[in-house]
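Structure assessment
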Amino acid sequence: MNLEKKSKPYPITREQVWEAYKLVKGKGETPGIDGVTIEDIGANPKKHLYPVWNRLSSGSYMPPAVKRKEIPKGEGKVRVLGIPTIKDRIAQAVIAKELELIAEPRFSNNSFGYRPNRDAHQAIEQTRKNCWQYAWVIDMDIKGFFDNIDHGLMIRALRYFTNEKHIILYAKRWLKAPVQIKDGTQIQNTEKGTPQGGVISPVLANIFLHVVFDEWMTIHYPDCPFERYADDAVIHVKNEPYARQILKAVSQRMEECKLELHPEKTKLVYCNRKGRRKKKEVKHQQFDFLGFNFRPRKVMTKDGKLMYGFSPSISKKKTKVIIAKCRDLRFHRWVHLDIHQLSKALSSKIRGWINFYGKFHLSGLKTAFLHLNRRLAKWAFNKYKRFKRRKSVYHALRWIRQLARNYSYLFPHWKYGFTP
């Protein structure tokens with residue numbers, strides 16, 4: 001890519017734009033309101049990337065409107081995402097990468113979301129260990145976090161990390177970028193909120209919550225460890241009175257920062273396990289965090305004995321999500337495929353569920369894979385006339401069961417014993 005060098009007021013190089021383009025290209029992003037795809041940019045990078053670099057480095061870049069999209073969350077709820085244009089994602093990636101290099105060394109070790117070399121499994125593992133050491137958990141839920149971030153406070157938090165003029169300038173513009181709804185109307189964002197879906201949004205969210213929560217907790221309650229993944233957080237406390245005191249203080253802190261803890265989803269949880277006194281009057285003895293449910297359950301000790309511990313497994317909500325995904329795929333209607341082709345089409349999804357949700361308590365996937373096996377039996381029933389003639393899925397299920405015994409390699413979950 002041959003981009004002409006010029007003296008610019010802001011230190012953004014052509015190489016930064018090119019690296020940002022490769023980063024966005026690797027994720028296969030959805031086009032925004034202008035309809036320009038990543039393939040269009042790849043076909044003529046100079047035409048599309050030169051203006052991005054030229055405007056970013058001169059201070060004249062103005063972000064286009066963000067396309068609003070609603071994603072179902074289950075239980076009739078939706079998550080509102082903002083989809084920037086591909087070129088705007090590239091511009092955001094340039095600033096986000098620069099900002100990440102500044103902020104990352106200062107972030108808390110208890111923060112795991114959207115950070116390099118950190119993931120949800122590390123957060124779950126640390127939560128599991130702390131639940132054994134601390135009897136109480138404050139399960140926090142910030143109500144509408146991304147919709148309620150105050151722009152003024154966000155910029156103050158950003159200045160806590162950097163005073164680079166171009167970073168502050170473009171952060172302000174992205175915070176105030178208009179949002180385009182389904183009918184094409186554009187709504188101007190002026191005072192609060194940042195759309196989920198932007199490249200820079202996770203970095204800004206981490207910066208904001210580092211100042212509002214992470215550092216505040218470290219200063220005021222250093223004896224209470226916590227785990228935070230984006231706007232989801234849990235705090236570990238030794239006893240109930242202290243937990244109630246901290247919950248009240250955290251709630252006040254959020255109000256000071258123009259946020260609110262969800263009154264129904266935020267709760268105190270008693271981590272009941274062997275060796276702790278049972279508290280029958282406690283309302284909550286389990287909680288969900290990052291798709292995992294923490295509650296008392298049987299665990300294996302190092303010497304091979306079973307005992308009751310407080311450990312994670314896939315949550316009921318995520319089990320329902322997997323079942324709904326199997327239903328929405330409608331693979332029981334893919335009768336044009338043979339069993340090997342069906343296996344190839346489904347295996348990557350099944351492996352993903354096993355690798356993520358089976359990390360800590362594999363048997364927790366039993367319900368989801370029971371439904372999956374029944375769907376496979378329906379596929380066999382629809383495909384083969386010999387089962388249809390009997391007008392019963394039972395014989396198709398028997399055939400799938402025998403197949404799982406003889407050819408367990410066909411589907412990933414069969415290898416782990418989740419057979420029909």
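Below is a short write-up of the structure. All figures in this text were calculated on a predicted structure; none of them were measured in a lab. (Residues numbered from 1 in each chain as written. Predicted model: local features only at pLDDT ≥ 70, side-chain atom pairs only at ≥ 80, totals over all residues. Heavy atoms only, no water.)

1. Quick look at empty space enclosed by the protein
Applying the stated criterion across every chain yields a total of 3 cavities of 30 Å³ or more. Put simply, the largest cavity is a space of about 90 Å³. Looking at the largest cavity, it is lined by 14 residues, and the ones nearest its centre are Gln92, Trp174, Thr194, Pro195 and Ser201. Among the residues forming the lining of the largest cavity, the class breakdown is 8 nonpolar, 5 polar and 1 charged. (1 Å grid on protein atoms, 1.4 Å probe; cavity = no way out; pocket = protein on both sides within 12 Å on 5 of 7 lines; lining within 4 Å. Points joined across faces, edges and corners; volume = space filled by probe spheres on them. Nonpolar A, V, L, I, M, F, W, Y, C, P; charged D, E, K, R; others polar.)

2. A few points about the packing of aromatic side chains
Throughout the structure, instances matching the rule amount to 28 aromatic pairs. Here the guanidinium or amino end of lysine 238 rests over the ring plane of tyrosine 134, the centre of that ring lying 4.6 Å away. Directly above the aromatic system of tyrosine 384 lies the positively charged group of arginine 386, at a separation of 4.9 Å from the ring centroid. (Phe/Tyr/Trp six-rings, centres within 6.5 Å; stacked < 30°, edge-to-face > 60°. Lys NZ or Arg CZ within 6 Å of the ring centre and 35° of its normal.)

3. Some details on the packing of helix H4 (residues 86-103) against helix H9 (residues 201-220)
Orientation of H4 relative to H9, taken along the N-to-C sense of each, is 30 degrees, at an axis distance of 10 Å. In terms of axis orientation, H4 runs roughly parallel to H9. Like other packed secondary-structure pairs, H4 and H9 cross with a definite hand, here left-handed. Residues Ala96, Leu99 and Ala103 of H4 form the contact with H9, whose participating residues are Val203, Leu204 and Ile207. (Axes fitted to C-alpha atoms, helices over the stretch in contact; angles between N-to-C directions. Helix = DSSP H or I, 4+ residues; strand = E, 2+ residues; numbered from the N terminus. Parallel < 35°, antiparallel > 145°, perpendicular 65-115°, else oblique. Left-handed = near helix turned anticlockwise from the far one by under 90°. Contact = heavy atoms within 4.5 Å.)

4. Thoughts on the pairing of strand S8 (residues 267-270)
Alternating residues of S8 divide into Lys267 and Val269 and Leu268 and Tyr270, and every residue in both groups is buried. In the sheet, strand S3 (residues 136-141) pairs with S8 via 4 bridges, with the strands oriented antiparallel. Counted as the bridge partner of tryptophan 136 is tyrosine 270 from S8. (Buried < 20%, exposed > 50% of the residue type's maximum accessible area, 1.4 Å probe, protein only. Pairing = 2+ DSSP bridges.)

5. Quick word on the nonpolar core
Formed by 72 residues in total, the largest nonpolar core has its most connected members in Met140, Ile207, Ile235 and Val250. With 10 residues, H9 is the single largest residue contributor to this core. Not counting the four nearest positions on each side in its chain, isoleucine 207 is found in contact with Leu99, Ala103, Phe107, Met154, Ala157, Leu158 and Phe161. Counting residues in hydrophobic clusters, the runner-up holds 47 residues, among them Phe292, Ile339, Leu346 and Leu403. (Core = buried A, V, L, I, M, F, W, Y, C linked by side-chain atoms within 4.5 Å.)

6. Considerations on the sheet that holds strand S9 (residues 287-289)
Taken in spatial order, the 3 strands line up as S9-S10-S11 in an open sheet, and their pairing is antiparallel. Taken across any chain shown, the strands that pair with only one partner, and hence form the sheet edges, are S9 and strand S11 (306-314). Neighbour to neighbour, the strand axes of the sheet diverge by 55 degrees on average, direction disregarded. Inspection of the sheet shows strand S10 (residues 292-300) paired to S11 by 9 bridges, in the antiparallel sense. Looking across to S11, one finds that valine 299 is bridged to methionine 307.

7. Here we look at the sheet that holds strand S6 (residues 226-229)
An order of S6-S7-S3-S8 is seen for the 4 strands of this open sheet, with the pairing classed as antiparallel. Pairing within the sheet leaves two strands with one partner each, and these edge strands are S6 and S8. Across the sheet, the mean angle separating the axes of adjacent strands is 20 degrees when strand polarity is ignored. Summarising the sheet, S3 and strand S7 (residues 232-237) pair through 6 bridges and their orientation is antiparallel. Across the sheet, residue methionine 140 finds its bridge partner in S7, namely alanine 233.

8. Digging into the layout of surface pockets
Estimated volume of the second largest pocket: approximately 230 Å³. Lining the second largest pocket are 12 residues, with Arg128, Val299, Met300, Ser311 and Phe360 sitting closest to its centre. Within the residue set of the lining of the second largest pocket, elements represented by two or more residues are helix H5 (120-133), S10 and S11. A per-element tally of the lining of the second largest pocket places S11 first, with 4 residues. Here the residues of the lining of the second largest pocket sort into 7 nonpolar, 3 polar and 2 charged.

9. Observations regarding H5
Within an α-helix, residues lying three or four positions from one another point in the same direction, as the helix has 3.6 residues per turn. In a regular helix each residue adds 1.5 Å, so 14 residues correspond to 20 Å; H5 covers 20 Å between its end C-alpha atoms and thus fits that length. Buried within H5 we find Ala120, His121, Ala123, Ile124, Thr127, Asn130 and Cys131. By the N-cap criterion, in which a side-chain oxygen at the helix start approaches the backbone nitrogen of a residue two or three places on, H5 is capped by aspartate 119, the distance to histidine 121 being 3.2 Å. (Expected span 1.5 Å × (residues − 1). Polar contact = N/O pair within 3.5 Å; in protein donor to acceptor, adjacent residues only side chain to side chain.)

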